Amino acid sequence: MSLPQEIDVEDLDRMTKDGVPHRILDVREPWEVAVCGFKDSLHIPMRELPAHLERLPANENLVVICHHGVRSLHVMAWLRNMGFRQATSLRGGIDAWAKRVDPSMNTY
C-alpha cells in the first residue's frame, strides 16, 4: 500500500481497524505526549529525530503525528527526502483525532 503525503484521521482509523500494518511516529514534545497520545506509538521529538533515524522502520508505513499536523508535515517531507518513502503525515494531528474519532481523548 502506497501512502499519500497526508492522510485524514478517518484514514488512520480505517487502517487500524482493517489491520493495515503501520507505525505511528509521534514528534511532539514530552509534555504534549503526557497529556494524550496513541498507545504503542514511537515517540521521538522533532528536534531529536536526526539523531535517531536508526529507530525508524525503513520499509513500513510510517504515520507521523503532532498536535495539529504542521510539524508532522515538515517531518514527513524530510523523512521522504531521507529515503522513508512510506512516511505520511496525519492531517489535523492528534487534535483532529480527539475531535473526530476519539472524543474521550484528552486535549490541550
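Preceding this section is the structure that the text describes.
What counts and how
Residues numbered from 1 in each chain as written. Predicted model: local features only at pLDDT ≥ 70, side-chain atom pairs only at ≥ 80, totals over all residues. Heavy atoms only, no water. Phe/Tyr/Trp six-rings, centres within 6.5 Å; stacked < 30°, edge-to-face > 60°. Helix = DSSP H or I, 4+ residues; strand = E, 2+ residues; numbered from the N terminus. Buried < 20%, exposed > 50% of the residue type's maximum accessible area, 1.4 Å probe, protein only. Salt bridge = Lys/Arg side-chain N within 4 Å of Asp/Glu carboxyl O.

Both the distance between ring centres and the angle between the ring planes are used here to describe each pair of aromatic rings. Evaluated as defined, the whole model comprises two aromatic pairs. Relative to Tyr108, the ring of Trp31 has its centre 5.4 Å away and its plane inclined at 70°; by these criteria the two rings are edge-to-face. Separated by 77 residues along the polypeptide, Trp31 in helix α2 (residues 30–35) and Tyr108 in the segment after α4 (93–100) bring together distant segments of the chain. By relative accessible area, Trp31 is classed as exposed at 54%. Under the relative-accessibility criterion, Tyr108 is labelled partly exposed at 29%.

According to the stated counting rule, one finds ten salt bridges in the structure shown. Measuring nitrogen to oxygen at the nearest pair gives 2.7 Å for the salt bridge that ties Asp11 to Arg14. With Asp11 and Arg14 both in helix α1 (residues 9–18), this residue pair falls three residues apart, about one helical turn. Since its relative accessible area comes to 45%, Arg14 is described here as partly exposed. When the shortest N-O distance is used, the salt bridge between Arg28 and Asp26 registers 2.8 Å. With respect to class, Arg28 is no different from Asp26; both count as buried. When salt bridges that share partners are traced, they join Glu6, Asp8 and Arg91 into one network.

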